[in-house]
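Breakdown of the fold
One-letter residues, chain by chain:
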Amino acid sequence: MIMLYHAPGTRSFRVLWMLEELGVPYELQMLDLEQQEQKSAPFLELNPMGKVPTLVDGRTKLTESAAICAWLADRFPEKGLAPAMDATARPDYLRWMFFAPGCVEPAFTEKLNNYATDPRQAAWGSFDDVIATIGPAVDQGRYLLGKAFCAADIMVGSVVRWGVFAGLVSDPALLGYNERLGKRSAHQLACEIDSELVA
Ligand SMILES: N[C@@H](CCC(=O)N[C@@H](CS)C(=O)NCC(=O)O)C(=O)O
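Presented here is a report on the structure given in the accompanying data block. (Residues numbered from 1 in each chain as written. Predicted model: local features only at pLDDT ≥ 70, side-chain atom pairs only at ≥ 80, totals over all residues. Heavy atoms only, no water.)

For the rest of this paragraph, the subject is the side chain of serine 126. Position of serine 126 among the secondary structure elements: in the loop between α4 (90–112) and α5 (127–138). The class for serine 126 is buried, based on a relative accessible area of 18%. If we ignore the near neighbours within four places in the chain, the residues touching serine 126 are Ala107 and Pro119. (Helix = DSSP H or I, 4+ residues; strand = E, 2+ residues; numbered from the N terminus. Buried < 20%, exposed > 50% of the residue type's maximum accessible area, 1.4 Å probe, protein only. Contact = heavy atoms within 4.5 Å.)

The environment of the ligand is formed by Thr10, Arg11, Arg14, Gln38, Lys39, Gly50, Lys51, Val52, Pro53, Glu64 and Ser65. Contact with the protein chains covers 77% of the free accessible surface of the ligand, which is 510 Å². Of the pockets mapped on this structure, the ligand occupies the second largest pocket. Considering only residue class, the shell around the ligand consists of two nonpolar, four polar and five charged. (Near = heavy atom within 4 Å. Areas by Shrake-Rupley, 256 points an atom, 1.4 Å probe, with all protein chains shown as cover. 1 Å grid on protein atoms, 1.4 Å probe; cavity = no way out; pocket = protein on both sides within 12 Å on 5 of 7 lines; lining within 4 Å. Sits in = over half its atoms within 2 Å of the grid points. Nonpolar A, V, L, I, M, F, W, Y, C, P; charged D, E, K, R; others polar.)

Glancing now at the sheet that holds strand β2 (residues 26–30). Pairing is mixed across the open sheet formed by four strands, whose spatial order is β2-β1-β3-β4. The sheet is open, and its two borders are formed by β2 and β4 (60–63), each paired with just one other strand. Across the sheet, the mean angle from the axis of one strand to that of its neighbour is 20°, orientation sign disregarded. Bridging between strand β1 (residues 2–6) and β2 involves five bridges; their strand directions are parallel. The residue of β2 that forms the bridge with leucine 4 is leucine 28. (Pairing = 2+ DSSP bridges. Axes fitted to C-alpha atoms, helices over the stretch in contact; angles between N-to-C directions.)

With that settled, consider the packing of aromatic side chains. Inspection of every chain in the model, using the stated rule, returns seven aromatic pairs. Ring geometry for tryptophan 17 and phenylalanine 149: centres 6.1 Å apart, planes at 40°, overall tilted. With tryptophan 17 in helix α1 (residues 13–22) and phenylalanine 149 in the loop between α5 and α6 (151–165), this residue pair connects regions lying 132 residues apart in the sequence. Just as tryptophan 17 is buried, phenylalanine 149 falls in that class too. An angle of 35° between the planes, with centres 6.3 Å apart, marks the rings of phenylalanine 108 and tryptophan 162 as tilted. Of this pair, phenylalanine 108 sits in helix α4 while tryptophan 162 sits in helix α6, placing them 54 residues apart in sequence. Assessed through its relative accessible area of 33%, tryptophan 162 is described here as partly exposed. Taken together, the aromatic side chains of Phe13, Trp17, Tyr143 and Phe149 make up a single cluster linked through ring pairs. Above the plane of the ring of tryptophan 96 lies arginine 95, whose end atom (NZ or CZ) is 4.1 Å from the centre. (Phe/Tyr/Trp six-rings, centres within 6.5 Å; stacked < 30°, edge-to-face > 60°. Lys NZ or Arg CZ within 6 Å of the ring centre and 35° of its normal.)

What follows is the structure in structure tokens.
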């Protein structure tokens, strides 16, 4: 059984959303971040960073939301959330999977906290360049790979959704993308589960 070490209202939501998109059985193991349960010795054995999400599936132990979503997509190929190894869309899929934690997340974090590293030095470039890169890809009702939703939409999309919520995003293509993502039933279900866990 897939076990997700989880805390509500965190980046672990990405994996919860992914699991709901897959529609596979899983269990949640809740961690109280206020109580520092993520820093307990047994949990640090699973994730030396002491963070959620962390996933255990049989002998597999995995940390980092992007790695977890990529692994889950490949573990259940029949669910169609990642292009196959030999598919023409695979390189673009990988690019977006890495672009999310490598560029989107740090650029959005800088913007939220009102600072900017020299974009020539920053691996993520600038917030404006990140927006200008995502925009055309998700314009006109598209997901990142076109018509088909994939795991990269969870990774990029969850940061975009957070950015819209925080008032950082005004690009019409991203606002439309955000709306499409929010209408997905798996996303809505994951939101319901996550908010019940907060209550
Ligand atoms: N790069 C990690 C980030 C995970 C992360 O920062 N998780 C936060 C919650 S959003 C956490 O567990 N914080 C608790 C702590 O650092 O003590 C990923 O994408 O999985």
